[in-house]
Structure formats: C-alpha cells, structure tokens
Amino acid sequence: IYLDRENQISLLLQKNAEQTTNHFAELNKVNQTLKQEIHIREQLEQLLRNSLEETKTVAEKDALTGIANRRSIVDYAKTEYLRCISDTLPFSLLMVDMDNLKQINDQYGHIAGDKAIIFLARTLNKLLRKIDGIGRWGGDEFLVVLSESNVDTAQMVADRLKKRMNAISLEE
C-alpha cells in the first residue's frame, strides 16, 4: 500500500509538473502575442504622432515658402501685440507687397514668380530677429511682426528690405 501511495503521489506530481509546463508554454505564447501587439500599437502611435505633426505643419505653414500662413501669422501677431501691450513695449507691423509679380509671371512664367516669392520670404527671414515673425498674407503680400520695435525701427527694417530687393536681378 505504501508503494502504491508513493506511485500515486509521484504520478500526481508528474501530472502537475506537466500541467505547469503547459501553462508556462501557454503564458509564453500569450506574452509573445502581447509583446507583438504592444510593438504594433507603438508603431501606430508613432505614425499618428507623425501624421498630427504633419497636419499641424500643413495648417500653420505656407506650402510654397515654408513660412507662417495667414492664420498662423495673425495668431502670432495677436499674441505678441498683447505681450508688448502688457509689458509696455513698442510693437510694429509691416505689410510687404512684392511689386511686379504679375509682370514676372507673364514674362518669365509662374515658376519664376514662385521663386521670386520664395526669395522674398527668405530675405525677410534673414533680416528679422528671432522674436519677429513673418507670414504670407496672400499672393505676393507678407505680414511682418516686429515685436518690441517702434516706428523708427520698423522704418529701418522696411528700408533695408527695400534696398535688398531693389538690388537683386531676376537672374538671382
């Protein structure tokens, strides 16, 4: 009877060990599946973040020039205006209009006109400080936000821009 009892216990232990091994194997499979699902979800989240960032860029940037679009520059102008008013600092805006864009388009084609618009946007960016803002108002018009700048400073910026733009040729 004693050996029989030992055999029964031994068989039960062996069966229990087999069941535990099977459970561990099942748990490992489930764990691997979960790891794969987590990895897929992480990839999807990254794609979503990238898509949201791209959507934000499209919503805020002018497609041709890469500078702020009208809505974005108006938002920036409002924010800076309120900040300057609050801090009793000067604030100026410039409206920049490119002369003769229609003639450039008619004579040299729209690609040349686009290049002229891009060149003007880049020139404005080079002339401005980091706290200033530039945005495409529409067509060949740009809005420049000159934070902490009085009328005299705004006039100097406008004169520098005009001088730079008058000095270029269409070949540039």
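Residues numbered from 1 in each chain as written. Predicted model: local features only at pLDDT ≥ 70, side-chain atom pairs only at ≥ 80, totals over all residues. Heavy atoms only, no water.

Colleague: Is there a simple way to think about the pairing of strand β2 (residues 133-138) in this case?
Modeller: As a general feature of sheets, a regular strand has side chains that alternate between the two faces. Relative to strand β3 (residues 141-147), β2 is paired through five bridges, and the arrangement is antiparallel. If you follow Gly135 over to β3, its bridge partner there is Leu143. Linking β2 to β3, which pair antiparallel, is a turn of two residues; within it Gly139 sits at a positive phi near 50°. (Pairing = 2+ DSSP bridges. Helix = DSSP H or I, 4+ residues; strand = E, 2+ residues; numbered from the N terminus.)

Colleague: Sorry, what's going on with the nonpolar core here?
Modeller: Considering soluble globular proteins, one finds that nonpolar side chains tend to be buried as a cluster. Leu94, Val96, Leu120, Leu124, Phe142, Val144 and Leu146 are the most contacted members of the largest nonpolar core, which has 20 residues in total. Put simply, the parts of the chain that give this core at least two residues each are β1 (91-97), α3 (101-108), α4 (110-127), β3 and α5 (151-166). The biggest single contributor to this core is α4, with five residues. Residues within four places of Leu120 in sequence aside, it is in contact with Val96, Met98, Phe142, Leu161 and Met165. In terms of nonpolar packing, the next biggest core, distinct from the first, is built from five residues, Ala68, Ile73, Ala77 and Leu143 among them. (Core = buried A, V, L, I, M, F, W, Y, C linked by side-chain atoms within 4.5 Å. Buried < 20%, exposed > 50% of the residue type's maximum accessible area, 1.4 Å probe, protein only. Contact = heavy atoms within 4.5 Å.)

Colleague: Would you mind going over the pattern of salt bridges with me for this structure?
Modeller: Per the counting criterion, the structure on display carries five salt bridges. Its salt-bridge partner being Arg83, residue Glu148 comes within 3.0 Å of it at the nearest N-O pair. Taken together, the positions of Glu148 in the loop between β3 and α5 and Arg83 in helix α2 (residues 70-86) put the pair 65 residues apart, joining distant regions of the chain. Here Arg129 and Asp132 are joined by a salt bridge, their closest N and O atoms 2.7 Å apart. (Salt bridge = Lys/Arg side-chain N within 4 Å of Asp/Glu carboxyl O.)

Colleague: It is not clear to me how the sheet that holds β3 should be interpreted in this structure. Could you clarify?
Modeller: Neighbouring strands of a sheet are bound in pairs by backbone hydrogen bonds; such pairs are parallel or else antiparallel. An order of β1-β3-β2 is seen for the three strands of this open sheet, with the pairing classed as antiparallel. Each having just a single partner strand, β1 and β2 make up the two edges of the open sheet. Taking the axes of each pair of neighbouring strands and ignoring which way they run, one obtains an average angle of 20° across the sheet. Where β1 meets β3, seven bridges bridge the pair, whose relative direction is antiparallel. Pairing of Leu94 across the sheet is with Val144, part of β3. Across the face of the sheet, α2 comes into contact with β1, β2 and β3 while running at roughly 20° to β3. On the sheet, α5 packs against β1 and β3 and is oriented at approximately 25° with respect to β1. (Axes fitted to C-alpha atoms, helices over the stretch in contact; angles between N-to-C directions.)

Colleague: Please clarify how the packing of α3 against α4 should be interpreted in this entry.
Modeller: Each pair of packed helices can be summarised by the angle the axes make with each other and by the distance between the axes. One can describe the packing of α3 onto α4 by two numbers: an axis separation of 6 Å at closest approach and a directional angle of 140°. The residues of α4 that touch α3, namely those facing Leu101, Ile104, Asn105 and Tyr108, are His110, Ala112, Gly113, Ala116 and Ile117. Residues belonging to the contact of α3 with α4 are distributed by class as follows: six nonpolar, three polar and no charged. (Nonpolar A, V, L, I, M, F, W, Y, C, P; charged D, E, K, R; others polar.)

Colleague: Whenever I open this one, the side chain of Arg136 confuses me. Can you help?
Modeller: With respect to the helices, strands and loops of the structure, Arg136 is situated in strand β2. A polar contact of 3.1 Å, which involves the side chain of Arg136, links it to the side chain of Asp62. If near-sequence neighbours (up to four positions away) are discounted, Arg136 is found in contact with Asp62, Leu64, Thr65, Ile67, Ala68, Asn69, Arg70, Ile117, Glu141 and Phe142. (Polar contact = N/O pair within 3.5 Å; in protein donor to acceptor, adjacent residues only side chain to side chain.)

Colleague: What is the right way to read α5 from this model?
Modeller: Note on helix geometry: an α-helix contains 3.6 residues per turn, so any two residues three or four positions apart are oriented the same way. Across its 16 residues, α5 extends 22 Å between first and last C-alpha, which sits within 8% of the 22 Å expected from 1.5 Å per residue. Looking at α5, one finds that the buried residues are Ala154, Val157, Leu161 and Met165. Around the axis of α5, the buried residues are gathered within 65° of arc, so they sit on the same side. Of the residues in α5, the exposed ones pointing more than 90 degrees away from the buried face are Asp152, Met156, Lys162, Lys163 and Asn166. (Expected span 1.5 Å × (residues − 1). Arc of directions from axis to C-beta.)

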